Amino acid sequence: MAPQHKLVSFTLNGKPTQKMIDVRASLSDMLRNDYSMHSVKEGCEVGECGACTVLIDGETFNSCIYLAVWVEGKDVVTTEGLTGEDGTLSDIQQSFVDEFAVQCGYCTPGFIISAEALLRENKRYTRDELRKMMAGNLCRCTGYENIINAVEKTMEERLEAKAKG
Amino acid sequence: MSIGKSQIRVDAPDKVTGRARYTDDLCDKNALVARILHSTIAHGEVKSIDTSEAEKVPGVVKILTCFDVPHFKFGTAGHPWHLDPGHRDVEDRLLLTSRIRFYGDDVAAVIAENDVAAAQAVRAIKVEYEEFPFVLDPQEAMKDGAPQLHEDFPNNILGHTTIYRGDFDEAIKEDGLIKVEGWYESPTVQHCHIEPPISYAYMEAGKVVVVASTQIPHIVRRITAQALGLPWGSVRLVKPYIGGGFGNKQDALYEPLNAWLTTQVGGRMVKLEIPREDTFFATRVRHAIRFHITSYVRPDGSFAAREFEAFSDQGAYASHGHGIAAKGMGAFPQLYPCDNLKCDAYTVFTNKPVAGAMRGYGIPQAMFAGEAHIEDVAKALGKDPLDYRKQFLMPVGYADSFSRNVNYFDSFRQCIDKGMEQFGFREKQKEYAAQTGDIRRGVGLAVFWYNTGVWPISLESSACRIVMNQDGTVQLQMGETEIGQGADTAFAQMTAATLGIPFEHVHVISAQDTDITPFGTGAYASRQTYMGGFAVRQTAEQMKAKILKHAERMTRMPVSNLDIRDGNIVRTTDNAVQMSLGELATNVLYSMEYSEHIAAESTYQINSNAYSFGCSFAEVEVDIPMCKVKLLRLTNVHDCGTLINPALAEAQVHGGMSMAIGYGLSEKCLFDEKTGRQLNDNLLDYKLCTPVDHPDLTALFVENHEPTSAYGTKALGEPPTCSGAPAIRNAILHATGVAINEAPITPHVLFEEFSQAGLLEKTAKSVPAMAGADR
Ligand code: FES
Ligand code: FES
């Protein structure tokens, strides 16, 4: 079967874009191959590890099992999109650095996206709740301890900032 | 002083933004892709291969089979080359093989323009096999008449070594001895680094270039050249950031095949990514080892004699081989010394996936068995398990004649005491002493022992290069590799400390390139911080001497009165800053009289090793009717010498503890008895710990400056994985009175054990209707 292509228009990290995409391509392949979004990692390509997690219209998805053509008209955010234009790290990225939540780093962007999604809810969660909410991502290096610390820290910072108005 | 500070990881900002480049991020998007056809039988011979249908798949470039490969046998273990042929690894591999030894062996490879075509073509290849009987259990494989895997190894025994001391047979005749005996099973588990193994290869300047996710670039270069029959210098190996390895990538996996594939398509770039499923069965696993331990104990607790047998499941090829079981056995007489010993370790081929190195290298297995056994001994004697260990563990001053390691500080007892205090072990022990009911809690502990690096068995050598920029900052290059543990950061801290410059002034070149990087054997055996430390220190001192020589000429002060502090040349008599290193370096480089590009490079050969010690404390809650264990707390205590970076050390311990939890409670590769096929070759069915499977993890340290070490440090990479599982096992024993001698301790295992112990009778009686409905 010869590959078929389709024009896909969507917003990537705040910027509207469009490209002809192989209709069979996964979103993770499109983001990596056509947009060089290297933060989108692939650890299993069947929706088990969470390394490929991205935000689609504010919700987390495993981009490896999401067809690229499905993002038509949608808003996609990868870890690259959290970093400021001048390269400044976002609060959750900085927390991952400061809390030593990064080791090999392969799972890191996926975790940061999952964290960002729950942080945007601006609610306070217990550590156990945080563990549950992050359970779609696997990490073999950190034992999750410092990852949970980083998320908890940013959660408190954002709640405090909100309380101050 | 940069040592002992929790400096931020040098690679963290790039890793949280997606800027850090891993192998696939660097590969040309139009590279050809390769896929491997794995055997669908466990044992036999490929009779013929029909590729005609596969060739027709659009996009297929070339199909290569086991009948096409060069006949250079090679070994895959990531060990330094040995000049003595008797000490080399077993060379039993070909790039592809017609002689099938496990379900998943490598039969053919397809090179195609894209992944879809490659996958389609692999499915379209027809293979005709002659099937042989197969064997999956090491003790079965040792029997006469069992299916034979390799001609040179009768009864499938790859290795058998012993430690015999004193007179065992005489010693057990002593009156009044108590005999404690047990069989202990440890599982086959997989590393599950989140980045699957991947490489790409192409030809350039007459060389084969391989970019690979490996822990051991210099070793993989050598093995690749051997497998292809090329001069070693004709292969260049590049290692960018890697997404974890844990020992799996301490083997040459598919890099040699990948290198050969590019040579078969005119040097075009070929990418070979191993899918997650294949990673489970077609790369490496941890050796499952079955132990049989018998202790003859006097009523006072002392050992009259001890016997140890280990049967290690090697799988189909030698890889790291007998080293794992031998290391596990080595720990046995050292931990609880005894004069009369009989120890035998066997490593046996079976028709299963190949076992190689995995974090802990035989010690997690040996500690699960050994520390379960010690608990049983203490119980049989009616002694407190913690006091019993403290009384009979390796005494302070103990020296091992082979490794020449010395227990200088009584680290074991210091670690146990610290852990006991902070964990509240005694309080919990009392609190949980007399429980009945369905839900019970318990606490347990276990210790571990570990060496640092591979001397005196193998070479320990490390090289370092430091190059100064005009601004006084330096580039640091090591042959040792960053694989996530934080090696780059630790080396930068050492360099800064010895050279007298700020941490931020050290630029680490993280990627290894065997054409450029100084030699180092790589990330394994928890060696790098210790071994690399010698090379960094020596090179930084040489660099410093060069700088001070220039400073002497420029300031007309004697070298003895000069020092480098915080990036400045300082006169030590009055601490006056003479100039910055930047001024010095610029002046020296562009001088019309004495121009020099200030750099230093040196190799340090290390002829020492160091004991690393520690223990784990676990608290569990057991739901007896549900046969479920909930881990409530886990604390590890380590003496790994001086901490170079405390926060990084702590993080390293968390990761190892996590792996130990999986080892103790959930992880196990399952095999189909009828076919030899792995049943759970994916991350859904293989139960890796997720964030919810962990309690908060506590890492504690006892810091005794290691006297043999350049910076006072010693092994930490693997030790955290070693004692968690037996501590959990012992906590379950404390909670329920049931000794479980098989890991992982899953509900399946507990159901059997609790049934036998009579704990489930009440539950079983209450569901007679269900039992009846079954019939
Ligand atoms: S790569 Fe998408 S979940 Fe693993
Ligand atoms: S940091 Fe390595 S997998 Fe999470």
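Quantities reported herein were computed from a predicted structural model and do not represent experimental measurements.

### Comments concerning empty space enclosed by the protein
Residue and element names in this part refer to chain B.
Then step 1. With the rule as written, the count across this model stands at eight cavities of 30 Å³ or more.
Then step 2. Here the largest cavity is characterised by a volume of approximately 650 Å³.
Then step 3. Lining the largest cavity we find 40 residues, and of these Gln 485, Thr 529, Gln 652, Leu 716 and Gly 717 sit closest to its centre.
Then step 4. Secondary structure elements with two or more residues in the lining of the largest cavity: α15 (487-499), α16 (528-555) and α18 (646-665).
Then step 5. Of the residues assigned to the lining of the largest cavity, the class counts are 19 nonpolar, 17 polar and four charged.
Then step 6. In this structure, the second largest cavity spans a volume of roughly 130 Å³.
Then step 7. As for the second largest cavity, its lining consists of 14 residues, and the residues nearest its centre are Phe 74, Arg 93, Asp 106, Leu 253 and Tyr 254.
Then step 8. Of the residues that constitute the lining of the second largest cavity, the class distribution is ten nonpolar, one polar and three charged.

### Quick look at the sheet that holds strand β15 (residues 341-349) of chain B
All names here are of chain B.
Then step 1. If you trace the five strands from one edge of the open sheet to the other, you get β7-β15-β14-β13-β8, paired in mixed fashion. The open sheet terminates on both sides in strands that have one partner only, identified here as β7 (157-165) and β8 (178-185). Each strand of the sheet is rotated relative to its neighbour by a mean of 5°, with strand direction disregarded.
Then step 2. Bridge count for strand β13 (residues 288-297) against strand β14 (residues 303-315) is ten bridges, and the pairing is antiparallel. Bridged to His 292 within β14 is Glu 309.
Then step 3. Contacts from helix α10 (residues 323-335) reach β7, β13, β14 and β15, with the element oriented near 165° to β15.

### Brief notes about the packing of helix α11 (residues 363-381) of chain B against helix α12 (residues 385-392) of chain B
Residues and elements named next belong to chain B.
Then step 1. For the pair α11 and α12, the least separation of the axes is 9 Å and the interaxial angle reads 110°. On the basis of the axis angle, α11 is roughly perpendicular to α12. Along the contact surface, α11 presents Glu 371, Ile 374, Glu 375, Val 377, Ala 378 and Leu 381, while α12 presents Pro 385, Tyr 388 and Arg 389.
Then step 2. Taken together, the residues of the contact of α11 with α12 break down into six nonpolar, no polar and three charged.

### Quick word on the interface of chain A and chain B
Then step 1. With 47 residues of chain A at the contact, the number on the chain B side is 58 residues.
Then step 2. For the pair chain A and chain B, the summed buried area comes to about 4,100 Å², and 59% of that belongs to carbon and sulfur atoms.
Then step 3. When the buried surface of chain A facing chain B is broken down by residue, Phe 100, Gln 103 and Arg 140 of chain A rank first, second and third, together holding 22% of it.
Then step 4. Applying the counting rule to chain A against chain B returns six salt bridges.
Then step 5. In this assembly, chain A and chain B are joined by 22 residue pairs in polar contact (both at pLDDT 80 or more).

Calculation rules
Residues numbered from 1 in each chain as written. Chains lettered and ligands numbered in written order. Predicted model: local features only at pLDDT ≥ 70, side-chain atom pairs only at ≥ 80, totals over all residues. Heavy atoms only, no water. 1 Å grid on protein atoms, 1.4 Å probe; cavity = no way out; pocket = protein on both sides within 12 Å on 5 of 7 lines; lining within 4 Å. Points joined across faces, edges and corners; volume = space filled by probe spheres on them. Helix = DSSP H or I, 4+ residues; strand = E, 2+ residues; numbered from the N terminus. Nonpolar A, V, L, I, M, F, W, Y, C, P; charged D, E, K, R; others polar. Pairing = 2+ DSSP bridges. Axes fitted to C-alpha atoms, helices over the stretch in contact; angles between N-to-C directions. Contact = heavy atoms within 4.5 Å. Parallel < 35°, antiparallel > 145°, perpendicular 65-115°, else oblique. Buried area = accessible area lost by both parts, 1.4 Å probe. Salt bridge = Lys/Arg side-chain N within 4 Å of Asp/Glu carboxyl O. Polar contact = N/O pair within 3.5 Å; in protein donor to acceptor, adjacent residues only side chain to side chain.

By themselves these figures say nothing about function.
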